[in-house]
Amino acid sequence: MKRKICVYAICKNESKFIDRWYNSVKEADYVCVLDTGSTDDSYEKLKKLNIIVAQKKYKKFRFDVARNDSMQLIPNDTDICVCVDLDEIFELGWSKILRDNWQENTGIARYRYTWNFNPDGSEGIVFFANKMHKYNAFKWKYPVHEVLTQTNNENYCTITLPNIQLNHRADDTKSRSSYLPLLELSVKENPYDDRNVHYLGREYMFYGKYEQAIETLLKHLTLSTANWKDERCASMRYISKSYGALNNKDKEEEYILRAIIEAPHIREPYFEAGIMYFERKDYLRASVMFVEMLKISNRDLNYMSSPSCWSSTPYDYLSLCYYYIKDYKKAIEAVNQAITLNPNDTRLINNRQCFINEFNNDLSK
């Protein structure tokens, strides 16, 4: 029996994305959208498509409530629910992969999600998202950065489908101003939820509220449920950055080194330590950090994986470190690696020629 799929979404002033989005999700049996108070022509545009659409305005908007309300539009004979925002686009063929792999005891399906793209069009942050779920078995929780939570006691399994690709093409003109108060509300409601405490501390850092960021991220590290090494490492990295912004160099260094100890298997803390030492003109220590980070060849796909760590940038920094400590041979080797990853960068090409000239000058002495 063919399992029925319903794509559902919330929408507010997304008119320019609707056609692109609908073309990527119309493989589903049903498509449902709850408009949460658009002032453009989104609602009218949605009504003209072959979808189930409704409108509801909120005095105090929160994502979990809106998404749970949007789920009320899903037809009762649905088997698989797929939550997709209107600035996201599936690559074609996703529904067949989902149907072919979904089993009776499947609760959640994970899929490959590209959250952003670099200026050259290459992928930026990539991780596995999990907004595909069994009908009538889950609901959304938390005012922002909402997650699915199971509503029954059944023993479901989670499947991973790396051949399903969803691309996020964000509207950079949209404000994130609602995120901070919603995160503050989320932590007020659930003060011991490690995930949201971490997110709140990070958001304070983004807003330049560095003392609040440090206090909140330190709280995250004390929580008994904060056991994921990568996320603990990220909290330490953000504490380090916040102390750096406050010009507390000792604490900045302390916490980036603690981040390395916490998660020595990922590149990010080495990378940030390398940049810190480079900016302090401590090129020897910086070079050690970049060398250590480049020994790590496995890239975990999670939201904290920085694309810069896997670009030409670490080799670029490393080549400059070697140049400043007058190891021109290693500087040439490192910049060659950078050029391999970024062959059209004229600055790197010019740097290589400079390094070669210095190397030849040394030989002629």
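Up top you'll find the structure we're talking about.
Treat the numbers as computed from the prediction; the structure is a model and nothing was measured.

Attention shifts here to the overall build of the protein. A count of helical and extended segments in the protein gives 14 helices and ten strands. With respect to the principal axes defined by its C-alpha atoms, the protein has extents near 80 × 45 × 40 Å. Counting the 365 residues in the protein, one finds 50% classified as buried. Across the protein, the fraction of contacts at a sequence separation of at least 24, relative to all contacts at a separation of at least 6, is 65%. Surface summary for the protein: the accessible area is close to 18400 Å², and the carbon and sulfur share equals 47%. For the protein, the centre of its 51 positive side-chain charges and the centre of its 50 negative side-chain charges are spaced 1 Å apart.

Bringing the nonpolar core into the picture now. Within the largest apolar cluster, 109 residues are counted, with the highest numbers of intra-cluster contacts made by Tyr 8, Trp 21, Val 82, Phe 90, Trp 94, Leu 98 and Met 132. Non-local contacts of Trp 21, meaning those with residues more than four positions away in its chain, are made with Val 7, Ala 9, Val 31, Val 33, Val 84, Asp 85, Leu 86 and Glu 88.

The next thing to look at is the sheet that holds strand β1 (residues 5-11). Strands sit in the order β3-β2-β1-β4-β7-β6-β10-β5 across an open sheet of eight strands; the sheet is mixed. For this open sheet the edge positions go to β3 (52-55) and β5 (88-90), each flanked by a neighbour on one side alone. Strand-to-strand, the axes of this sheet are offset by a mean angle of 30 degrees, without reference to chain direction. Here strand β2 (residues 30-35) runs beside β3; their pairing, made up of four bridges, is parallel. From the neighbouring strand, Cys 32 faces β3, where its bridge partner is Ile 52.

Scanning the model with the defined rule gives one cavity of 30 Å³ or more in all. Here the largest cavity is characterised by a volume of approximately 100 Å³. Around the largest cavity sit 13 residues that line it, and Ile 266, Glu 268, Asp 300, Asn 302 and Ser 305 are the ones nearest its centre. Its residues assigned to classes, the lining of the largest cavity comprises three nonpolar, four polar and six charged.

On to the pattern of salt bridges. Between side chains of opposite charge, pairing is possible as soon as their charged atoms come close. Using the criterion set out here, one finds 24 salt bridges in the structure. When the shortest N-O distance is used, the salt bridge between Lys 56 and Asp 69 registers 3.0 Å. Taken as a pair, Lys 56 in the loop between β3 and α3 (63-71) and Asp 69 in helix α3 lie far apart in primary sequence, 13 residues in all. When its relative accessible area of 37% is taken as the criterion, Lys 56 is described as partly exposed. The exposure class assigned to Asp 69 is partly exposed, which follows from its relative accessible area of 22%. Here Lys 134 ties to Glu 104 by a salt bridge, and the two come within 4.0 Å at their closest N and O atoms. Residue Lys 134 is found in strand β7 (residues 126-134), and its partner Glu 104 is found in the loop between α4 (94-101) and β6 (106-114); the two are separated by 30 residues along the sequence. With relative accessibility at 16%, the residue Lys 134 sits in the buried group. Taking the relative accessible area as the measure of exposure, Glu 104 reaches 59% and is therefore exposed.

This part is about the pairing of β2. A large share of β2 lies buried, amounting to five of its six residues. Direction of pairing for β1 relative to β2: parallel, over a ladder of six bridges. Directly across from Tyr 8, in β2, lies its bridge partner Cys 32. With respect to chirality, the unit in which β1 leads through helix α1 (residues 18-25) into the neighbouring parallel β2 is right-handed.

Looking now at helix α6 (residues 194-206). For α6, with 13 residues, the first-to-last C-alpha span of 19 Å sits near the 18 Å given by 1.5 Å per residue. A large share of α6 lies buried, amounting to eleven of its 13 residues. Taken as a whole, α6 has its buried residues at Asp 194, Asn 196, Val 197, His 198, Tyr 199, Leu 200, Gly 201, Arg 202, Glu 203, Tyr 204 and Met 205. Buried-residue contacts for α6 involve α5 (179-189), α7 (210-222) and α8 (229-245).

Our focus in this paragraph is the packing of α8 against helix α9 (residues 249-262). Between α8 and α9, the least distance of the axes is 7 Å, while the angle of their chain directions is 170 degrees. Relative to α9, the element α8 lies roughly antiparallel. The chirality of how α8 crosses α9 is left-handed. Packed against α8, whose contacting residues are Lys 229, Arg 232, Cys 233, Met 236, Arg 237, Ile 239, Ser 240, Tyr 243 and Gly 244, the element α9 presents Lys 251, Glu 252, Tyr 255, Ile 256, Arg 258, Ala 259 and Glu 262 at the interface. Considered class by class, the residues forming the contact of α8 with α9 number seven nonpolar, two polar and seven charged.

Thresholds applied
Residues numbered from 1 in each chain as written. Predicted model: local features only at pLDDT ≥ 70, side-chain atom pairs only at ≥ 80, totals over all residues. Heavy atoms only, no water. Helix = DSSP H or I, 4+ residues; strand = E, 2+ residues; numbered from the N terminus. Buried < 20%, exposed > 50% of the residue type's maximum accessible area, 1.4 Å probe, protein only. Contact = heavy atoms within 4.5 Å. Areas by Shrake-Rupley, 256 points an atom, 1.4 Å probe, with all protein chains shown as cover. Lys, Arg positive; Asp, Glu negative; His and termini not counted. Charge placed at Lys NZ, Arg CZ, Asp CG, Glu CD. Core = buried A, V, L, I, M, F, W, Y, C linked by side-chain atoms within 4.5 Å. Pairing = 2+ DSSP bridges. Axes fitted to C-alpha atoms, helices over the stretch in contact; angles between N-to-C directions. 1 Å grid on protein atoms, 1.4 Å probe; cavity = no way out; pocket = protein on both sides within 12 Å on 5 of 7 lines; lining within 4 Å. Points joined across faces, edges and corners; volume = space filled by probe spheres on them. Nonpolar A, V, L, I, M, F, W, Y, C, P; charged D, E, K, R; others polar. Salt bridge = Lys/Arg side-chain N within 4 Å of Asp/Glu carboxyl O. Right-handed = clockwise from strand over helix to strand, strands pointing away. Expected span 1.5 Å × (residues − 1). Parallel < 35°, antiparallel > 145°, perpendicular 65-115°, else oblique. Left-handed = near helix turned anticlockwise from the far one by under 90°.

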